[in-house]
2 protein chains.
Amino acid sequence: MSLDPRGDLVALFRAIVDIESVSGNEARLADRIEAALGHCGHLEVVRDGDTVIARTRVGRRERVVIAGHIDTVPVAGNLPSRVEDGLVYGRGTCDMKGGVAVMLAVAVAMTAPARDVTWIFYDHEEVESEANALTRLARTGPELLAGDFAVLMEPSNARVEGGCQGTLRFTVTTRGRAAHSARAWKGHNAIHDAADVLSRLRDHVGEKPEVDGLHFHEGLNAVAVSGGIAGNIIPDSCTIAVNYRFSPHRSVEQAKEYCRSVLDGYELSFVDAAAGARPGLDRPAAAEFVAAVGGQPSAKFGWTDVARFSQLGIPAVNFGPGNPEKAHADDEFCPIDDLYKCRDALLRWLA
Amino acid sequence: MSLDPRGDLVALFRAIVDIESVSGNEARLADRIEAALGHCGHLEVVRDGDTVIARTRVGRRERVVIAGHIDTVPVAGNLPSRVEDGLVYGRGTCDMKGGVAVMLAVAVAMTAPARDVTWIFYDHEEVESEANALTRLARTGPELLAGDFAVLMEPSNARVEGGCQGTLRFTVTTRGRAAHSARAWKGHNAIHDAADVLSRLRDHVGEKPEVDGLHFHEGLNAVAVSGGIAGNIIPDSCTIAVNYRFSPHRSVEQAKEYCRSVLDGYELSFVDAAAGARPGLDRPAAAEFVAAVGGQPSAKFGWTDVARFSQLGIPAVNFGPGNPEKAHADDEFCPIDDLYKCRDALLRWLA
């Protein structure tokens, strides 16, 4: 079934949600978005992998980028979507197909916006940074990302959220010595050694720094653990994967140093990292957007691609439907009201 | 290449080791053993799955069972076999292809033993109890296991080891609440909760009870741990698999009770269990074997199928080449001397 961006916004949203698009499986949804935008004479559409980019060519002095990722974390028995009390439930409803639906509706509706717009629907955001389509585009087609200001339609309760926290992933591996479990004292149990690492992570309290007037909230968490050879062998190795979400007052290097101090005595193998972004709401383009959509900005806890635009020198904010606290939760949802609020704010800003 | 039980014992041993037979993959080795025994007029050979049973029919008053498993734990880059300083290295050299080689050589050589012998080469010992071929045979062909006394050729430094410890496997699962790792405080980290379980296992000291004059040594160990949904999600579940090796003074029920007390407050899901066996060296048939092969008996730490024969009412001891402490170790080996000691002891006992 094709998507109808001119029809009912909630129906469009649910259709997008019901096209499962777990990272790596975005092709079908990208196809539908490309098809829906391809019908618009006012948009120049480029397909790059499973990313779809649509640009107006009105010739305005200013070009803004409005972007959203189309992938989701794995489904957890929460598809297809369902509606209850004005909320749409299902995988991706919060993070971030509400933003995608709003983008699609506004992209089709605004045939002659007051600012030229580059709409970016992209793949592989919910996985390691290197796989993110924006990484690829920054390398292979940076002109596609160019703009004076960017809005990321990540869930933010339909309010402006400034900056974002950085994210760092690393593993800690404890080493033991294998032996038959009937003579455990001849070996050394690497999984038992993981107790100390996990205790430190459990006892760690995330800091809450204030940056440029906004309050952030850090977190240091084991996100995976694995070890064991067989049911009758003392395990010789145990690996703990850790994710550190850090406030933008730290650089990636400072974040690594912080983790090394918490886990002093262990070797950390860093897997990937993405710097955060300071709120930067004092910059003119950001301030102008905030004024246009209204409300009081707050800090963005989750890492988003605002950091990526920041690094390209493009001021960027988060602004999208859905409560970010429900992102990735099995019962994630998006309030229907948020969809309309965001759509109307964009229409107002671009009019 | 066929096996030659009449040739050099070390060559036979290495040929058996070099036929990889990780649990579930015993068919090829069973085929070779069946073929080698099939040539002997004095043996009645039965193939049951990947178990090969060969019986003499001399008409002696007494029948003894001599048994060994032909499977191994997973290979760890330790095949093919190699010889160094009188030791043969490689997966299965210790546990327990030395015993298998001795059995095969003696089974073929002793055409008219002083006691009728049932030779059992069986599959699936290194996995859960239910898959063990002796479980199947006890159900489908108990007459094949019948005897007055049994010798398990498990590694025991070519000395008699009495009884065996029991083994119990269970899992403990901690439960949390998933959330995006950027807002960890909205979820609850199940992997962090595993720290307490692992700390208790790490701090637990295995008891060393004396039973029927022999000293046992217990062990309570995590053998596997797993948890985690994705690199950016607070994990909602973490499962620890535990193996308890317990002295034969405890029943399986008492062993479970003991584990419940160590991990008080957690729910234990029992996976499988096998009772131990008391040494029982006071029983006449056992005492007679000990006298014939010589040496001072000691306790068997590992669970072996002596427990299974004990439960069928057949006294049984462990007696085989190789140091049991090297069982399942990546650098497991068998001293060539042990092979000859065990072969000669059996020839003496059966002459």
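Residue numbers here run from 1 along each chain, matching the order of that chain's written sequence. A letter from A marks each chain and a number from 1 marks each ligand, given out in the order of writing. For a predicted model such as this one, the threshold for reporting local features is a pLDDT of at least 70, and the threshold for listing and counting side-chain atom pairs is 80 or more; totals across whole chains, interfaces and linings nevertheless cover every residue. By convention in this description, side-chain values take in all heavy atoms of the structure and omit both hydrogens and water.

A.B. asks: When you look at the interface of chain A and chain B in this model, what are you seeing that I'm missing?
C.D. replies: Between two residues, a contact is recorded if the distance between any of their heavy atoms is within 4.5 Å. If you look at the interface, chain A gives 49 residues, while chain B gives 50 residues. By definition, the buried area sums, over both parts, the 1.4 Å-probe accessible area that each loses when the two are put together. Of the roughly 4300 Å² buried between chain A and chain B on both sides combined, carbon and sulfur atoms contribute 59%. Any carboxyl oxygen of Asp or Glu within 4 Å of a side-chain nitrogen of Lys or Arg constitutes a salt bridge here. Taken together, the connections running from chain A to chain B amount to two salt bridges. The residue Glu325(B) makes a salt bridge to Lys186(A) at a minimum N-O spacing of 3.1 Å. Helix numbers and strand numbers start at the N terminus; a helix is a DSSP run of H or I with at least 4 residues, a strand a run of E with at least 2. Elements that contribute at least two residues to the side of chain A that touches chain B include exactly helix H5 (190-203), strand E12 (219-227) and strand E13 (237-246) of chain A. For the side of chain A that touches chain B, the leading source of residues is H5(A), giving nine residues. For the side of chain A that touches chain B, the per-class residue count stands at 23 nonpolar, 16 polar and ten charged. The pairing criterion is simple: DSSP has to find at least two bridges between the two strands. Strand direction decides the pairing type here: E12(A) and strand E12 (residues 219-227) of chain B, joined by three bridges, are antiparallel. Looking at the pairing, Val225(A) lines up with Gly227(B) of E12(B). Gly counts as polar in this scheme, as do all residues outside two lists: the nonpolar Ala, Val, Leu, Ile, Met, Phe, Trp, Tyr, Cys and Pro, and the charged Asp, Glu, Lys and Arg.

A.B. asks: Would you mind showing me how to read the packing of aromatic side chains here?
C.D. replies: The geometry of two aromatic rings is summed up by the distance between their centres and the angle between their planes. Between 30 and 60 degrees the pair is tilted, below 30 it is stacked and above 60 it is edge-to-face, where a pair is any two Phe, Tyr or Trp rings, Trp via its six-membered ring, whose centres lie within 6.5 Å. Here the structure, examined in full by the defined rule, presents 18 aromatic pairs over all chains. Seen in terms of ring centroids, Phe149(B) and Phe289(B) are 5.6 Å apart; in terms of plane orientation they differ by 50°. Their pairing is tilted. A residue pair is termed long-range when its members are at least 10 positions apart, and Phe149(B) in strand E7 (residues 149-152) and Phe289(B) in helix H7 (residues 284-293) qualify at 140 residues. Each residue's exposure class comes from its accessible area (1.4 Å probe, protein chains only) as a fraction of the maximum for that residue type: buried when under 20%, exposed when over 50%, partly exposed otherwise. A residue is classified by how much of its surface remains accessible, and Phe289(B), at 0% relative accessible area, is buried. Following the ring pairs from residue to residue traces out a cluster consisting of Phe149(A), Phe289(A), Phe319(A) and Trp349(A). The rule is short: NZ of Lys or CZ of Arg within 6 Å of the ring centre and within 35 degrees of the ring normal puts a charge over the ring. Between the NZ or CZ atom of Arg250(A) and the centre of the ring of Tyr258(A), over which it lies, the distance is 4.3 Å.

A.B. asks: For this particular structure, what's the right way to read the sheet that holds strand E4 (residues 82-84) of chain A?
C.D. replies: By definition, the strands of a sheet pair up through backbone hydrogen bonds, in either a parallel or an antiparallel sense. Residue and element names in this part refer to chain A. Pairing within the open sheet is antiparallel, and its three strands lie in the order E4-E5-E17. A strand with exactly one partner marks an edge of an open sheet, and here the two such strands are E4 and strand E17 (333-335). Across this sheet, the average inter-strand angle for adjacent strands is 25°, counted without regard to direction. Two elements, strand E5 (residues 87-89) and E17, share three bridges in a ladder whose sense is antiparallel. Residue pairing for E17: Tyr89 is matched across the bridge by Phe333. Helix axes are fitted only over the stretch in contact, all axes being lines through C-alpha atoms; the angle between N-to-C directions runs from 0 to 180 degrees.

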